[in-house]
Each structure stands twice: as structure tokens, then as C-alpha cells.
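Observations on the model geometry
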Amino acid sequence: MGTYETLLCVGVVAPLAMFAVLAFFGHRIGKPLSGWVAVFGVFISLGCATYVLAGWLSATDKAALMATTGYDWVVLNLFGNEMPIQFKVKLDGLTVMMYFMVTLVSTCIFVFSIGYMAGHSDEVDGQCKFHRFFCYLSLFEFSMLGLLISSSIFFLFIFWELVGLCSYLLIGFYFDKKFASNAAMKAFITNRVGDFGFLLGLMLVFVFLQTFDLDQAATNFRQQYATQSGIFAADIDILGWHISGMGLATLMGIGLFCGAMGKSAQFPLHVWLPDAMAGPTPVSALIHAATMVAAGVYLVARVFRLLTPDAQFFIAVIGCITLTITALIAIVQIDIKKVLAYSTLSQLGYMIFGMGVGAWPAALFHLITHAFFKAMMFLGSGQVIEGCHHVQDMRRMGGLRKRMPVTCWTFFIGVLAIAGVGIPGAHIGLGGYFSKDEVLAVAYERTYNWEDRFGGHEKDDGHGAEALHSAAPANDDNVLRSGKVILASGGGHDEAAAHGASGGHHDDPVLAGIAAKQHKIPKWMFWLPIIIAYVTPFYMMRCWWMTFMGKPRDEEVYHHAHESPLMWAPLIVLAAGTFLSSYMMFRPQLGEAAVHATPAPLVVSVDGEVPGSAQEELLGLSHDKAKDPHAALIGIVGFAWLAGMGLAWLIYRNGLELAERIRRLPFIRFIHWCLMEKLFFDHIYDTVLVGGTKWVLAQVSRAVDTYIIDGIANLLGRGTVRIAEFSGNIMDTGGVDGLVDAIAESTQGVGEMVRQPQTGKIRNYVLFGTTGAVLVLAAIIAVVMS
Amino acid sequence: MFEIGLTHYLVVATLLFVMGIFVMITKRNAIGILIGVEMVLNGANINLVAFNRYNGMSNIDGQITSLFVIVLAAAEAALAVAICMNFYKNLNTVDVDHGDTLAG
Amino acid sequence: MKLLTLAAPIIVVMLVAIAPAFAVDTDLTLSEQGIQRSADGGLLEALMFYVCAAVVLGSGLAICLSKNIVRMAVYLFGTLASVALMYFLLLANFIGVIQLIVYAGGTLILLIFGVMLTSKSPWAKFDVKRNELIAAGVVCALFACLLLFVVVNAEWPLETDAVVVGSSMTQFGVGLLTNYLVPFEAMSVLLLVVMIGAAYMARQE
């Protein structure tokens, strides 16, 4: 293993070690100190991550640095060939970026947690749970980092389940409260539904691609498509359904995506995330905003090469639905954490949608910027909740800016970032301005420039592509792009060099065939996210204004409010992270990672507007000046933040009265009710799934009652009547009374006889068993001998 | 006579097995029954190892299986002793003939 | 008679102690491939076998006839230890060692503890009805006859050892972590379950 891989492993193991220490000695280490033990562990991880990141950024030849090292965990002999399941560390741009992001965010959150948990009652039955909290957090950190460095989808699944477990433990941290333990259960069970699909996908991968290694699987997939063998030649009948070839491959992709659907809380499995806010706020920040829920997006990014066009379209649809409904629900929430939870769902929807439309780097870029600003906002809300003595209702807050200025303004930075504040035309903006709008830009291309870019595909001959690419840097209008690159590169690396180094696969005939299968994104799937881009600033501004601005609405809450340094220091770090992540390193690094992580034909052809290097096409879409996020969308979404935030300011600047009046409007009232009821998903699930199960069980048991038990009873009754008639007849005609007695006696006699061996003594049973064995053996011997 | 082969071991195993069954039948002490079970398992184990030795193939499948049997026997003994103690706690004796509450 | 019953376990212990010396000195030699059998041997092996068989069956019979649970446990030790010796003779060194450690060392102690914890007096006797004894004897004798009939008359593929099976620890280790990984893991889970179950059942309320 090289230095970097070793360091990544050290970073993974350090929190595990702290987990062990806390698990065994946590109760002795005591209340504040055990928190610092956990911080120490995660700080080691952060150190490793920083070192690796620095090395990665300063390296000129990243392809040489990329590595997958490890060993065979177990070698299976299946289907006549050897299939190693490998435990390997994957080192590439995506891993490095995600690893750094996760460790940085979690270091901040760990430190914050010490301050947060200090003020919380953490005793159940006289047992202090403080160390247990950090114990779980360390375990989570280990699993999450393990998930990031796994090169095998099998180990990815293992860590996937581990983070799910930690999520369960931490949501239900206050397990003595009924709602918390219910929420934990709900999260766990909902995730199981998704993981079931994930497992099915895994099985398909295993059976048809014959490997768990991500790179190998992608290679096999591509090759099987090229030769139309393996999964593409498969032919399966399930319950009258005929599935073959491409359909099965699509199912595999959708199966894998189901895992992401559960973990990233995508429609229709999104119901668990808002409930998961029952956990302590740092947990919501770390697990349910920044890292674990983003693991779903990460998974899609990793298996992107195994997705067929149909599967991608499915993913885009799911993402689109999620981001729309959850953003709408967020408008009416009054619990500060619930607003953030729904906005998280909505942003996750954007990421998944981005993955679906092929905006691979943009979606991951959004993941990273979102992780910073959303973690910051969650911690801010934690600060507010802690400061206000566990009041979460925004209607009772207001005017808190004087009491907690740092929280207020860092939260505002988060609002600006999620709203996508930026000035179109200048390279100034924050968070979503770059990342979310880029997703939208790709969606725009897929919707409106479809014929231009994808239709004429097969006529082109590759030279056009090169010309286009070589022309791009010379173009004067390309200032934005190059400006971004310069800002981002920092270390002075040249992206073009990376493009060149990774070139290859020009004029791939496979690509041409598949690009034709790519879906054109329907118009509604482009316009819904655009509309939501207006809604997002509105509800975030509403949340911020209701909490921090205006006049205090509850004297008691206002009076209690305070900040503590242990808690606002991480906020400042994360605010800085929000600024930096918007500009520096992440986006170009991710673009570069895309070069290596998405070379498969089906994926690349998503963006395959021109034939040529698969890699270049993908990057071309993201970096081409003509497709700068705001070049095409400037009129549509460039000032969405201004409109949304302005509207919120207009409505809420004088307290809640205006909002209340609007709510009373006849039609609005109905919509408000629907949204307050979370669009009835919980009700539907409760009625249809839970109720349905109960109904089926009731029907089955009723049927058993009616037909079997009643039937037997009736039969017995009727039989008894018959016997009575019969014996009555005998008595009448023959007068043979004794016969009945004889029957009764003989019955009793047989009963006695049968009862005799049932002594209840185990020794006798052994004797009978042995006798039986002797008889059987004798019979066998007799048969064989004769 | 002096050439020891598979059959010799099988004979010993058979006799041990049958004696184990005899012990199970005739001992009223719960621990005694357990001893009988151990004898039966040992008899079976001798079979496994002997077949492994004389099957003409150079693998150790039989031995590994017998290893599993030993582990299972140890686990079973632990559980059985626990059951005996419970039995004793409830009935104040280890005479299994008293454990016939469910007799028909 | 009493002297003999006390002496038998001691003899067995001595036998166990000198068993490796027998194996190496006579017709089995250790080499890098495991234990090899020299071509000329046979007599001492046969002798060892008969001694072992005698102890196994003798102590087995003693268990059958004994009425005292503590004595039975001691006889059981004779049986188990000489079965371990048989494993050595069968070139299954590892299994032999495990037999000694787990059975003779662990299970037996467990049994004796069980006796001590459950018995009002360790010398308590439970008599069995005579006709039960007779029935058991008849059935078991029949069973033994039938089984022996099969064993003796069956045509086994190999009567002699054409291939010498080594049983090094390496082979066991590799076997347990490759072909037998799943049973091995299942066994570990089983042991965990048994541990919890036994502790649960034997708990003081």
C-alpha cells in the first residue's frame, strides 16, 4: 500500500479505536472528557485526510496516484470460476474529496456536540449516556469513512448497513422517549425496504457481472454490452413477466438505486427523514444532513457506470418528485428542525435528479457544498434550540440576532448558500449558485438542446469534437469558466493535461448505439426544479427571519437565549468551509474524478452530444462555456434567490400577521392543510401498508375461523347427530344397549393402551426410538439380503 | 489380526455408540443421560475420523466435520448442564423420571 | 474391584502421556509433510489400538454398569482420553488434541460441576426397574448386532491406508477459512447463542 492508502486506512481505524475505548471505558472517562476522546479520533482522521488532500492537489500526474490496493478477503468458487471478494482501498478524486469533506464537517460537529450534550439531560435510569453518544458517533465516523474508501460494492454494502445502524442508534438516542424510539424504528424499517432492493441489485451484479469490484464490474458491464453477452443475453421469466437483456440491466440499476432511495430518503421512502429529527441536533447535522443521507448520492455516483439510460431516467424522475414535494412541505413547517429536514430532502432530490440527468460532477459538487452549509445551519438550529431551552417552534422565537449574533449570521450565510445567491455575469456567488444551477443547466441541455447535441450524434465523426474542445479555451466568452478554473486550481494544475492523460476510447461504436437510447428529459422535469429553485430561498428566508429577525415573540424564550463558544466556533469553521467549497478545489477535482469514475459507455453517452473521448464529452458538458450554469439560465433562475428571499421578507418582515392572513385565504387554506399533513404520505402508508397488512391478516384468520375451525366444529356436530340417530335406531330396533357400552369401553381401552407408552419419561422415549431404529435397520438388512 | 484397518475402528465406534444409547436409557440421573449422549457423539466421531483416514483421498474433510461435532458437543453439554440446573431448581432433583408433567 | 476402578483412570492418564513417544518411536515418523508411516510397522500400532479399544470399551461398559454418577464421570474420562489416543493412531493429531482439551478438559469438568451443583449428595443413587434394564439390554444388544453385521459385511472402498493424510494445523486453518468458512461462522454464532442461552437459563432469579 502506498502512503496515501495507508493514511486513509489509519483515518478510518482511528474513530474505530476511539469507539472501542469509549465502549469499554467510556463510563470511567466521564462526562466532558469522553467527548474529547472522540474528537481526538476524528481529528486524526482529519489530519490524514488533509495530508492526502494536499498530496492529491499538488500531484501533477493524478492517474498515477490513483490506486486500488488491498487483498482478497475470500475467494469463492462459484459458477466454475474463482470469484474473489476483495477488501481494497480505493483512492481517487471522489474518495479524497468526500473523505476530506466528511472528516472536516464531522470534526466541527464533534466539537459542537460536546457543548450541546453538556446541556442535555443524558441519564436514563441513573446511567449517564454522555459517553455512549460519542461512542456511537465514533462508530458512525468509522463506518462512513469505510464506506468512502471501499472499492468493492460488497464492503460498501457492509459499511452501508453500519451507518444505517448508527443512524438508528442515534435517532433513538433518547430511547426513553416514545417518539424518539418510534422514529428510530421508522428510519430503520424504511431503510430496510430500500436495502432489499439494494440486495437484489447486488445479487444481479454478482450473478451477471461476476464481481463485486466497482471498476471490474463496470468493465464487465461495458464488455457485456459490447458483445451482448452476460446480463444482456440473459432471459428470465418471473411470474409471467419476461425480462431480458437491457430490461434486466435496468432492473439491476434500479435495484442498486433503491438502496440510495432508502438512505437518501427519496420519494417514496422519504418519510423517515423528518421523523429522524427526534435525535440530538448534532446527529441531525452530521448524519441526516451532511454525510449519511448523502451516501445515497455517493452510491449512485459509484455505480453510475452500471446504470442504463432507462435506469437513469428513473432516477431523474424520483429525484424530481422528491425535490418538488418536500420543498413544498417545507414552506409550512413551523419547527425549525423540520424546515431544515425538508430542505435537506429537497436538496438531496436535486442531487439525485442531477445524477439522473447525467450531471455527475455537478451533483457531487452540490453534495459537498450542501454538506457544509446544511451542517452549519443544523448546528445553528441546535444552538438556537439549546439556547432557548428546547423550544423548536419558530413562532415563539424571533429577534434572536441580538442574543446569538454568531449563530444568526452564520445561519444567514447558510441561507444565502442554499438559496444560490450570486450575481449572474460575474463569478461571484455562494454554494447553490454554482452547484445547484449547474445541475439545472445540464437538465436544460437534456431538455431543450437534445436534438442539437444528441440527435446528430451519429453523423459526427470525432474531429468535430476535438475542434470544439480545442476551440473552447480560446474563446473570449469563456472568462467565467477559466476564471473558475484558475480560482479552483490553486496548486496550478492544468485540467487540460488531465483530459489529455485520460483520453482514449475515441469513436467508440458502442457509444453511438447507446446514445441513441438516451432519454430526452420531458419539459416538466426541467421546469419543476426551476420552480423549486424559487421556492427554496423563500422557505429558508422565512425560517431565518422568523427565528432571528423581527421582534421577540416570546419573552421567556428570548430571555433564555445565549451562545457558548464551544458551539459557535464550529459554526465559523463551517461558514468558512461554505465559502471555500463554493470556489476552491472541489468542483474541478470532481470534474477530474468524473474522468476516471465514469468511463462506461452507458453513462457517458448521457452527455454524448458529440462522439469522441467519452471522458471529454462528460467534462465538456460541464465546462463548456456555452453551457456555463448561468449562460443559458440567466433569465430563468439567475435571480431566483432575489425573488424568493424578497417575497419571504415582504411577508414576514412585520411578524406573522400577514402570513396568517394569507393562510386564511380560501384556496390557500386547503393547500396549507395538505402540506401540513405532509401530503398524506404517512397517512397513506399507515392506511395502506400497515392497515393493509392488518386487513390481510384479519381476512386470513377470519377465513381460517369460518371455513376450517367452524367447518370442523360443524362436521363434528353433524357427525355426532348422525351417530346419535344411528345408535338411537339400533336401540329402538334391536334394543341392543350393550353395543354402545361396548363401543365406549373399547374406545376407552384403546385410549388407555395408546396412553401407556406416553409415559412422559425421556428414557422410555429413547428406548422406543432405539427400538424403532432396530426395526428399521432389520427391515433394511432383510430387504438387502433377500 | 495385526493389520489394523477401517473395520476395527468401526467396530469400536459401534460398540461405544450402542453403549451410549444404553446409558441414556438406563440412567435416571440427568447428568448420566448427558454422559450417554457424549458417548454416542464420540462413537460417531470415531467413525468420521476413521473414514477420513481410510477414504483414499488426501483431504481432511472428515476431521473438520468431527471438529464441528466436538464443538457442538461442548455447546450442547453447556446447555444441558444449564437445563439440569434449572430442572433441579424447579423439581429439587435431577431424576428425569420426575420430569413427566406433560405425560399424556 | 474398587482398586481396579481407581487404577483404570490412572493407567489411561499414563497411556496418554506416553502416546506421542509410541507414535514417534515405532512406525510413525514425523516429517515436514506430516506424520508418515514406515512400511515395516504394524505390530506396535496394533498393540496400541487394542489397548485403546480395550480401555474405551471397558470404561464404556463400566459407565453402563455403574450406579454412581461421579464414578461414571471418571470412567467417561477414560473413554474420552482413549478415544483421543485413537485419533492419534488415526493420524488426526489436531482432533486428538482438541478432544483432550475440549472434552477431557472442558466438558468433563462441566459435567462434574453439574453433578456437584445439582445433587443433594453426590453419592445419590437412582435405581432402575429390572425389567427396564432387561428391555434396554435386549434392544441395545440387537442394535449392536445389526450394526456390527453391517460394519463387518460391508465392502468399504479402502481397507488400508493407501494415502497418508497429514493433518497439520495449516491445513485446518486454511480449511476453516476457505471451504468451511460458512459452517465455521455459523458455529461461532451458535457458540455465542449457547453462551447467552446457558447463562440465561442458569441465572439466579
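About the cut-offs
- Residues numbered from 1 in each chain as written.
- Chains lettered and ligands numbered in written order.
- Predicted model: local features only at pLDDT ≥ 70, side-chain atom pairs only at ≥ 80, totals over all residues.
- Heavy atoms only, no water.
- Helix = DSSP H or I, 4+ residues; strand = E, 2+ residues; numbered from the N terminus.
- Buried < 20%, exposed > 50% of the residue type's maximum accessible area, 1.4 Å probe, protein only.
- Areas by Shrake-Rupley, 256 points an atom, 1.4 Å probe, with all protein chains shown as cover.
- Contact = heavy atoms within 4.5 Å.
- Expected span 1.5 Å × (residues − 1).
- Salt bridge = Lys/Arg side-chain N within 4 Å of Asp/Glu carboxyl O.
- Polar contact = N/O pair within 3.5 Å; in protein donor to acceptor, adjacent residues only side chain to side chain.
- Nonpolar A, V, L, I, M, F, W, Y, C, P; charged D, E, K, R; others polar.
- Phe/Tyr/Trp six-rings, centres within 6.5 Å; stacked < 30°, edge-to-face > 60°.
- Axes fitted to C-alpha atoms, helices over the stretch in contact; angles between N-to-C directions.
- Parallel < 35°, antiparallel > 145°, perpendicular 65-115°, else oblique.
- Buried area = accessible area lost by both parts, 1.4 Å probe.
- pLDDT = per-residue confidence, 0-100.

1. Focus: the overall build of chain C
- On a plain count of helices and strands, chain C comes out with seven helices and two strands.
- Order of helices (α) and strands (β) in chain C, N terminus to C terminus: α-β-β-α-α-α-α-α-α.
- For chain C, the residues scored as buried account for 38% of the 205 residues in total.
- Carbon and sulfur atoms form 73% of the exposed surface of chain C, whose accessible area is close to 11,200 Å².

2. Side note on the overall build of chain B
- The number of helices and strands found in chain B is three helices and zero strands.
- Listing each helix as α and each strand as β along chain B from the N terminus yields α-α-α.
- Buried residues in chain B amount to 61% of all 104 residues.
- Excluding contacts between residues fewer than 6 apart, the proportion of contacts in chain B whose partners are at least 24 apart in sequence is 53%.
- Total accessible area on chain B is roughly 3,500 Å²; 69% of this is exposed by carbon and sulfur atoms.

3. A closer look at helix α3 (residues 61-91) of chain B
- Between its first and last C-alpha atoms α3(B) spans 44 Å; for 31 residues at 1.5 Å apiece the expected length is 45 Å, and the two agree.
- Trailing α3(B) by a residue or two, B:Asn92 shows a phi angle of about 65°, which is positive.

4. Some words on the interface of chain C and chain A
- On the side of chain A, 12 residues touch chain C, which itself brings 12 residues to the contact.
- The tally of links between chain C and chain A comes to one salt bridge.
- We note a salt bridge from C:Glu132 to A:Arg763, for which the minimum N-O separation is 3.2 Å.
- Our enumeration of links across chain C and chain A arrives at one residue pair in polar contact (both at pLDDT 80 or more).
- If you tally residues by element for the side of chain C that touches chain A, the top one is helix α5 (residues 130-153) of chain C, at 10 residues.
- Of the residues that constitute the side of chain C that touches chain A, the class distribution is 11 nonpolar, no polar and one charged.

5. As for the packing of aromatic side chains
Residues and elements named next belong to chain A.
- What the rule picks out here adds up to 29 aromatic pairs over all chains.
- Seen in terms of ring centroids, Phe87 and Phe155 are 4.7 Å apart; in terms of plane orientation they differ by 70°. Their pairing is edge-to-face. In this pair, Phe87 is assigned in strand β2 (residues 81-91) and Phe155 in helix α6 (residues 153-171), connecting sequence segments 68 residues apart.
- Look at Phe87 and you get partly exposed, because its relative accessible area is 23%.
- Relative to Trp544, the ring of Trp409 lies with its centre 5.8 Å away and its plane at 55°, an arrangement referred to as tilted. Of this pair, Trp409 sits in helix α16 (residues 405-419) while Trp544 sits in helix α23 (residues 523-548); the two residues are 135 residues apart in sequence, bridging distant segments of the chain.
- Accessibility expressed as a relative area gives 2% for Trp544, which makes it buried.
- Pairwise contacts between aromatic rings join Phe130, Phe133, Phe134, Tyr136, Phe173 and Tyr174 into one cluster.

6. Section: unusual backbone geometry
- The amide bond that connects A:Phe267 to the next residue, A:Pro268, takes the cis arrangement and shows omega of 0°.
- Among the secondary structure elements, A:Pro268 is positioned in the loop between α9 (245-263) and α10 (272-275).
- For B:Asn92, which is not glycine, the phi torsion reads 65° and is therefore positive.
- When you line up the elements, B:Asn92 lands in the segment after α3.
- Here C:Leu91, not a glycine, exhibits a phi torsion of approximately 65°, which is positive.
- Here C:Leu91 is to be found in the loop between α3 (69-89) and α4 (93-118).
- Residue classification places C:Leu91 among the buried positions, given a relative accessible area of 2%.

7. What about the packing of helix α14 (residues 336-357) of chain A against helix α15 (residues 360-387) of chain A?
All names here are of chain A.
- Where α14 contacts α15, the axes come no closer than 9 Å and their chain directions differ by 175°. Classified by the angle their axes make, α14 and α15 are roughly antiparallel. Contact residues: α14 offers Ile336, Lys337, Leu340, Ala341, Ser343, Thr344, Gln347, Tyr350, Met351, Gly354 and Met355, while α15 offers Trp360, Ala363, Leu364, His366, Leu367, His370, Lys374, Met377, Phe378, Ser381 and Ile385.

8. Quick notes on α16(A)
Residues and elements named next belong to chain A.
- Here α16 contains 15 residues, and its C-alpha end-to-end distance of 21 Å stays within 8% of the 21 Å for a straight helix at 1.5 Å per residue.
- The buried count for α16 comes to 12 of 15 residues, which makes it a mostly enclosed element.
- The complete set of buried residues in α16 reads Thr407, Cys408, Thr410, Phe411, Phe412, Ile413, Gly414, Val415, Leu416, Ala417, Ile418 and Ala419.
- The positive-phi residue at the C-terminal boundary of α16 is Gly420, with phi of around 75°.

9. Observations regarding the interface of chain C and chain B
- Each partner contributes residues to the interface: chain C has 82 residues there, and chain B has 75 residues.
- Of the roughly 7,300 Å² buried between chain C and chain B on both sides combined, carbon and sulfur atoms contribute 77%.
- When the buried area of chain C at its contact with chain B is split by residue, C:Leu90, C:Thr118 and C:Phe126 rank highest and sum to 10% of it.
- Joining chain C to chain B, the criterion identifies zero salt bridges.
- Linking chain C with chain B are seven residue pairs in polar contact (both at pLDDT 80 or more).
- Every element with two or more residues in the side of chain C that touches chain B is listed here: α2 (43-65), α3, α4, α5, α6 (169-177) and α7 (181-201) of chain C.

10. Focus on the confidence of the model for chain C
- Per-residue confidence for chain C gives a mean pLDDT of 78; residues scoring 70 or more make up 70%.
- Reported confidence for the predicted complex is 0.90 by ipTM and 0.63 by pTM.

11. Details of the confidence of the model for chain B
- For chain B, the mean per-residue pLDDT works out to 86, and 94% of the residues sit at or above 70.
- In the model of chain B, α3(B) stands out as the element of lowest mean pLDDT, 88, in contrast to helix α1 (residues 6-26) of chain B, which has the highest, 92.

12. Some remarks on the side chain of B:Thr26
- Position of B:Thr26 relative to the elements: it lies in helix α1.
- In this structure the side chain of B:Thr26 is engaged in a polar contact, spanning 2.8 Å, whose partner is the backbone oxygen of B:Phe22.
- Among residues more than four places away in sequence, those in contact with B:Thr26 are A:Arg763, C:Val128, C:Leu133 and C:Ala136.

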